[in-house]
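Chain by chain, the residues run as shown.
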Amino acid sequence: MEVRFEDAALDQLETDARFDAGLPAPVVRAFRKVMQVIRAAPDERTFYQMKSLRFEKLKGARSGSHSMRLNKQWRLIVRFEGEAPGKVVCVVAVEDYH
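Rules used in this analysis
Residues numbered from 1 in each chain as written. Predicted model: local features only at pLDDT ≥ 70, side-chain atom pairs only at ≥ 80, totals over all residues. Heavy atoms only, no water. Buried < 20%, exposed > 50% of the residue type's maximum accessible area, 1.4 Å probe, protein only. Helix = DSSP H or I, 4+ residues; strand = E, 2+ residues; numbered from the N terminus. Pairing = 2+ DSSP bridges. Contact = heavy atoms within 4.5 Å. Axes fitted to C-alpha atoms, helices over the stretch in contact; angles between N-to-C directions. Parallel < 35°, antiparallel > 145°, perpendicular 65-115°, else oblique. Nonpolar A, V, L, I, M, F, W, Y, C, P; charged D, E, K, R; others polar.

1. Re the pairing of strand β3 (residues 65–69)
Item 1. Of all the five residues making up β3, four are buried; the element is thus mostly covered by neighbouring parts of the structure.
Item 2. Here strand β2 (residues 56–57) pairs with β3 via two bridges, running antiparallel. Among the inter-strand pairings, lysine 57 is bridged to a residue of β3, identified as histidine 66.
Item 3. Pairing analysis gives five bridges linking β3 to strand β4 (residues 74–81), with the strands arranged antiparallel. Bridging from a neighbouring strand, methionine 68 pairs with leucine 76 of β4.

2. As for the pairing of strand β5 (residues 88–96)
Successive side chains on a regular strand alternate, one facing one side of the sheet and the next facing the other.
Item 1. Counting buried positions along β5 yields seven of nine residues, so the element is predominantly enclosed.
Item 2. Direction of pairing for strand β1 (residues 2–5) relative to β5: parallel, over a ladder of four bridges. Bridge pairing links glutamate 2 to valine 88 in β5.
Item 3. Of the pairings in the sheet, the one linking β4 to β5 comprises eight bridges and is antiparallel in character. From the neighbouring strand, glutamate 81 faces β5, where its bridge partner is valine 88.
Item 4. Between β4 and β5, which pair antiparallel and follow one another directly, the connecting turn spans six residues, one of which, glycine 82, has a positive phi of 85 degrees.

3. Things to note about the environment of asparagine 71
Item 1. By the element assignment, asparagine 71 lies in the loop between β3 and β4.
Item 2. The exposure class of asparagine 71 is partly exposed, given its relative accessible area of 27%.
Item 3. A C-alpha to C-alpha distance of 9.8 Å links asparagine 71 and aspartate 96, two positions 25 residues apart in sequence.

4. A look at the sheet that holds β2
Item 1. Overall, mixed pairing links the five strands, which are arranged β1-β5-β4-β3-β2 in an open sheet. Pairing within the sheet leaves two strands with one partner each, and these edge strands are β1 and β2.
Item 2. Against the sheet, helix α1 (residues 8–15) touches β1 and β5, its axis set at about 90 degrees to β5.
Item 3. Lying on the sheet, helix α2 (residues 25–40) is in contact with β1, β3, β4 and β5; it crosses β1 at an angle near 140 degrees.

5. What about the packing of α1 against α2?
Any two packed helices are characterised by the angle at which their axes cross and by the distance between the axes.
Item 1. Remark: α1 packs on α2, axes separated minimally by 9 Å, with the N-to-C direction vectors making an angle of 90 degrees. Relative to α2, the element α1 is oriented roughly perpendicular. Of the residues in α2, those in contact with Leu10, Leu13 and Glu14 of α1 are Val28, Phe31, Arg32, Met35 and Arg39.
Item 2. By residue class, the composition of the contact of α1 with α2 is five nonpolar, no polar and three charged.

Right under this line is the structure:
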């Protein structure tokens, strides 16, 4: 899937091996792995099939967004833009859910 980042720091986090954006090293590694999965996926149905991601729709103030688990504490927040087949994943944030 095509990816767009709302925050330039998240873009740099994916591509710059020395940049950590102030996040713990295990979270950075998990973020990079999930980004590989996102880029390789043909559409969002792939994320639902991968139970380890715990891909889910968000409610309330985050309505319209989805989250993917990076580890027990951290989540990747994404939003989908456009229609298939040109749907774009917009990476919104990496958040601490505790």
